[in-house]
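The primary structure of each chain is shown beneath.
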Amino acid sequence: MLGIIRIKRFMEKEIDILNRIIKRRRSIFPISYTSQEIPVEVIRQILESANYAPTHKLTEPWRFVVFRNEGKWKLGEQLARLYKENTPAASFLQKKYDSITEKVRQSSCVIVINAQLNPDKLPAWEEIAALGCAVQNMALTAEALSVGAYWSSPEMISDLGDFLQLGENEKCFGLFYMGYHNEEARPAKRTPIENKVRWVEA
Ligand SMILES: Cc1cc2nc3c(=O)[nH]c(=O)nc-3n(C[C@H](O)[C@H](O)[C@H](O)COP(=O)(O)O)c2cc1C
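Attention in this report is confined to the structure presented alongside it.

Here is what the cut-offs are and how they apply
Residues numbered from 1 in each chain as written. Predicted model: local features only at pLDDT ≥ 70, side-chain atom pairs only at ≥ 80, totals over all residues. Heavy atoms only, no water. Helix = DSSP H or I, 4+ residues; strand = E, 2+ residues; numbered from the N terminus. Buried < 20%, exposed > 50% of the residue type's maximum accessible area, 1.4 Å probe, protein only. Contact = heavy atoms within 4.5 Å. Areas by Shrake-Rupley, 256 points an atom, 1.4 Å probe, with all protein chains shown as cover. Near = heavy atom within 4 Å. Polar contact = N/O pair within 3.5 Å; in protein donor to acceptor, adjacent residues only side chain to side chain. Nonpolar A, V, L, I, M, F, W, Y, C, P; charged D, E, K, R; others polar. Axes fitted to C-alpha atoms, helices over the stretch in contact; angles between N-to-C directions. Left-handed = near helix turned anticlockwise from the far one by under 90°. Arc of directions from axis to C-beta. Core = buried A, V, L, I, M, F, W, Y, C linked by side-chain atoms within 4.5 Å. Pairing = 2+ DSSP bridges. Salt bridge = Lys/Arg side-chain N within 4 Å of Asp/Glu carboxyl O.

**Here we look at the overall build of the protein**
Part 1 of the argument: Helix and strand counts for the protein stand at six helices and four strands.
Part 2 of the argument: Starting at the N terminus and walking to the C terminus, you meet the elements of the protein as α-α-β-α-α-β-α-β-α-β.
Part 3 of the argument: Its C-alpha atoms put the protein at 70 × 45 × 35 Å along the principal axes.
Part 4 of the argument: When each of the 202 residues of the protein is scored for burial, the buried share is 37%.
Part 5 of the argument: Here the contacts in the protein between residues at least 6 apart in sequence split such that 83% fall between residues at least 24 apart.
Part 6 of the argument: With the model as given, the accessible surface of the protein reaches about 13200 Å², and the carbon-plus-sulfur share is 55%.

Here's what the structure looks like:
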């Protein structure tokens, strides 16, 4: 009996911690990042958590490219160049162009999020869903380590293939900006879960 109570208490603690991290995680944007570098071991810890995402047929489709230091500048320049090249002159915004490199500059590191699709084994949506689970693991781990992060999906990501040297059936699905920050915790904007659930019990 005492053992069960102890286990229950331990479990309650775990659920409290998990709930707190899940609910406290917010997208934190580069403008709020400080200049403090994220140590490589911390980045590795965040990446490691991605590897525990569920994966149908164990294809482990998540692939990442970490851009830091000089590498980060190359990514920023490439994104800005792609924006300029692919935007008609009439809709080109210098402010947006400048903000692309600025966001990369403000970040301690940018992780490019890719998926290795396996069309002979699984439909693409299953691999992309697994990738989403992996990125959520990263976001929660970042939150637990006081690292700010957000998933960005600008149009340019579909043209990054050559720059990233992506292999066959490997596709880019976004950029994960990361940096330490001093932002106040802010509540999530969500409508109640009850609005999105139907229960069938009879
Ligand atoms: C797949 C995916 C792509 C996203 N792309 C962008 C983006 O391009 N720009 C952006 O500002 N936020 C992007 N976000 C972050 C959402 O804006 C953010 O999650 C949402 O506003 C809810 O805020 P929260 O993350 O703080 O709860 C993306 C999120 C996901 C899951």
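**What to know about the site of the ligand**
Part 1 of the argument: Taken together, Arg25, Arg26, Ser27, Phe29, Tyr150, Trp151, Ser152, Ser153, Arg186 and Arg190 form the complete shell of residues around the ligand.
Part 2 of the argument: Separating a nitrogen atom of the ligand from a side-chain N or O atom of Ser153 is a distance of 2.8 Å.
Part 3 of the argument: For the ligand, the protein covers 55% of the area, taking 610 Å² as the surface of the free molecule.
Part 4 of the argument: Classifying every residue of the shell around the ligand by side-chain character gives three nonpolar, three polar and four charged.

**Examining the side chain of Gln106**
Part 1 of the argument: Position of Gln106 among the secondary structure elements: in helix H4 (residues 94-106).
Part 2 of the argument: Excluding its chain neighbours within four sequence positions, the residues that come into contact with Gln106 are Pro30, Ile31, Tyr33 and Thr34.

**A look at the packing of helix H2 (residues 40-50) against helix H5 (residues 124-144)**
The geometry of a pair of packed helices is captured by two quantities: the angle between their axes and the separation between those axes.
Part 1 of the argument: Two numbers describe how H2 lies on H5: the axes approach to 7 Å, and their chain directions differ by 145°. Where H2 crosses over H5, the handedness of that crossing is right-handed. In this structure, H2 uses Gln45, Ile46, Leu47, Ser49 and Ala50 to contact H5, whose residues at the interface are Ala134, Asn137, Met138, Thr141 and Ala142.
Part 2 of the argument: Classifying every residue of the contact of H2 with H5 by side-chain character gives six nonpolar, four polar and no charged.

**Remarks on H2**
Each turn of an α-helix holds 3.6 residues, which means side chains three or four residues apart point in the same direction.
Part 1 of the argument: Considered for burial, the residues of H2 that qualify are Val42, Ile43, Ile46, Ser49 and Ala50. Down the axis of H2, the smallest arc covering the buried residues is 120°, so these residues share one side. In H2, those exposed residues whose orientation departs by more than 90 degrees from the buried face are Glu41 and Arg44.
Part 2 of the argument: Those residues of H2 that are buried are in contact with strand E1 (62-67), strand E2 (109-116), H5, strand E3 (147-152) and strand E4 (170-180).

**Describing the nonpolar core**
Part 1 of the argument: Formed by 25 residues in total, the largest nonpolar core has its most connected members in Ile38, Ile46, Ile111, Leu131, Val147, Phe176 and Met178.
Part 2 of the argument: Elements with a minimum of two residues in this core: H2, E2, H5, E3 and E4.
Part 3 of the argument: For Ile38, the contacting residues outside a window of four places in its chain are Ile43, Arg68, Ser108, Val147, Met178, Gly179 and Tyr180.

**A short note on the sheet that holds E4**
Part 1 of the argument: Read from one edge of the open sheet, four strands run E1-E2-E4-E3, paired in antiparallel fashion. The two strands at the open ends of the sheet, each matched to only one other strand, are E1 and E3. Each neighbouring strand pair of the sheet contributes to a mean axis angle of 25°, computed without reference to strand direction.
Part 2 of the argument: Together, E1, E2 and E4 form the strand contacts of helix H3 (residues 69-86), whose direction differs from that of E2 by roughly 70°.
Part 3 of the argument: Of the strands in this sheet, E1, E2, E3 and E4 touch H5, which is tilted by about 155° from E2.

**As for the pattern of salt bridges**
Side chains carrying opposite charge are able to pair once their charged atoms draw close together.
Part 1 of the argument: This structure, assessed with the given rule, holds five salt bridges.
Part 2 of the argument: Across the pair Arg81 and Glu85 runs a salt bridge, and its minimum N-O distance is 2.3 Å. Of the two residues, Arg81 and Glu85 both sit in helix H3, four residues apart, roughly one turn of that helix.

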